[in-house]
Amino acid sequence: MLLLDPFGTGDSAGSFHEARWEIWLADAGRGADWLAERWPGRPVSLWGLRLGALLACSLAATAPRRFARLLLWQPVVRGDQFVTQFLRLRVAAAMAAGEKESGQDLKARLAEGEILEVAGYELAPELVAGIEALRLEGLLAGLPGCRVDWLELSSPGSESALSPASRRVLESLPAEGGPEVTSQAVSGEPFWTIQEITLAPALLDATDALFA
Amino acid sequence: MAVIDEVKQVLGETLQLGARADGFSEETKLFGAVAEFDSMAVVTVVTALEERFGIYVEDDEIEAEVFATVGSLADFVNQKLTS
């Protein structure tokens, strides 16, 4: 398994304000090339969490028959909604400081080319534009025959079910000529939103079972 | 489950409060009173409420008054559900 820190994040080169969706996409493609060279003849699968799932689908869509299999953990289904939710971090921080900002004003400033700081990230308009254009539905529809395993977490104590937004995407996919999708909701906490390192054992077990 | 109980459950899960959330009442103060309830948590809670209840929250509705107490947050959700 090869795990990438996208350009401008984690241990990778670059600053976050220089990050662009196209760079992340090209780098993910290079990662897949590297795996293919290292293990010739073995299929390469793509695995993504949240926005990473959109990245995996974007990469697969650039070469529809190259990747036999995708594993999506709680995929973001619409890039524009993801951006709205991310900008809310700044809206909420302003609220905490007794000030008022709105996501719409922030979007207008981005549209004018301004780099905005959101939760410590210097967010560039180009990256936002790249993410806003993404729709999981359209990307998946363009992957004929691809096996897609979609896993989501449901809060412990509630009924395990995919979110309404996810169900809508799955229902919209063509019955024929599209990907072959399996979907499953398992019990666990949304570990990517929690500061402390948190495990979702049921998610790991379900993933193990899919790739056994 | 009553809306207020679901709101308490969402708070307990998203803020990692464990059993503390079970002791919450309508009057329990949140924003500025519960240490874990910072601006990051506000966003997490709003997103979780949207997904749980299938509602959509506008940015200009993210106001300190909404997050003042457990009761004010539950009222907000109720109002969204009936509008």
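In the block above lies the structure referred to throughout.
The structure presented is a predicted model; accordingly, all values stated were derived computationally and were not measured.

A. Looking closely at the state of the cysteines. All names here are of chain A. One pass over the full model with this rule turns up zero disulfides over all chains. Cys 146 provides the cysteine sulfur closest to Cys 57, a residue in no disulfide bond, and the two sulfurs are 8.1 Å apart. Taking the relative accessible area as the measure of exposure, Cys 57 reaches 0% and is therefore buried. Cys 146 gets classed as buried once you look at its relative accessible area, which sits at 2%.

B. Main features of the pairing of strand S2 (residues 69–73) of chain A. Residue and element names in this part refer to chain A. Burial runs high along S2: five of the five residues are buried. By the alternation rule, side chains of S2 split into Arg 69, Leu 71 and Trp 73 and Leu 70 and Leu 72, which are all buried. Both strand S1 (residues 45–49) and S2 contribute to a ladder of five bridges, which runs parallel. What sits directly across from Leu 49, in S2, is Trp 73. Taken together, S1, helix H2 (residues 51–62) and S2 form a β-α-β motif whose crossover is right-handed. Bridge count between S2 and strand S5 (residues 147–154): five bridges; the pairing is parallel. Along S5, the bridge assignment pairs Arg 69 with Arg 147.

C. Molecular detail of the sheet that holds strand S6 (residues 180–187) of chain A. Residue and element names in this part refer to chain A. Taken together, four strands build an open sheet; the order of strands is S1-S2-S5-S6 and the sheet is parallel. The open sheet terminates on both sides in strands that have one partner only, identified here as S1 and S6. Within the sheet, the average angular offset between the axes of one strand and its neighbour, ignoring direction, is 15 degrees. With eight bridges connecting them, S5 and S6 associate as parallel partners. Within S6, the residue paired with Arg 147 across the bridge is Glu 180. Of the strands in this sheet, S5 and S6 touch helix H7 (residues 164–172), which is tilted by about 160 degrees from S5.

D. Structural view of the layout of surface pockets. Considered as a void within the structure, the second largest pocket measures approximately 670 Å³ in volume. What lines the second largest pocket is a set of 26 residues, among which Val77(A), Gln81(A), Ala165(A), Arg168(A) and Glu51(B) lie closest to the centre. Secondary-structure elements contributing two or more residues to the lining of the second largest pocket are helix H3 (79–96), helix H6 (136–141) and H7 of chain A together with helix H2 (39–53) of chain B. When its residues are assigned to classes, the lining of the second largest pocket shows ten nonpolar, seven polar and nine charged. Looking at which domains feed residues into the lining of the second largest pocket, each of domain 1 (43–78 + 134–210) and domain 2 (82–129) of chain A gives three or more.

Thresholds applied
- Residues numbered from 1 in each chain as written.
- Chains lettered and ligands numbered in written order.
- Predicted model: local features only at pLDDT ≥ 70, side-chain atom pairs only at ≥ 80, totals over all residues.
- Heavy atoms only, no water.
- Disulfide = S-S within 2.5 Å.
- Buried < 20%, exposed > 50% of the residue type's maximum accessible area, 1.4 Å probe, protein only.
- Helix = DSSP H or I, 4+ residues; strand = E, 2+ residues; numbered from the N terminus.
- Pairing = 2+ DSSP bridges.
- Right-handed = clockwise from strand over helix to strand, strands pointing away.
- Axes fitted to C-alpha atoms, helices over the stretch in contact; angles between N-to-C directions.
- Contact = heavy atoms within 4.5 Å.
- 1 Å grid on protein atoms, 1.4 Å probe; cavity = no way out; pocket = protein on both sides within 12 Å on 5 of 7 lines; lining within 4 Å.
- Points joined across faces, edges and corners; volume = space filled by probe spheres on them.
- Nonpolar A, V, L, I, M, F, W, Y, C, P; charged D, E, K, R; others polar.
- Domains from an automatic or database assignment.

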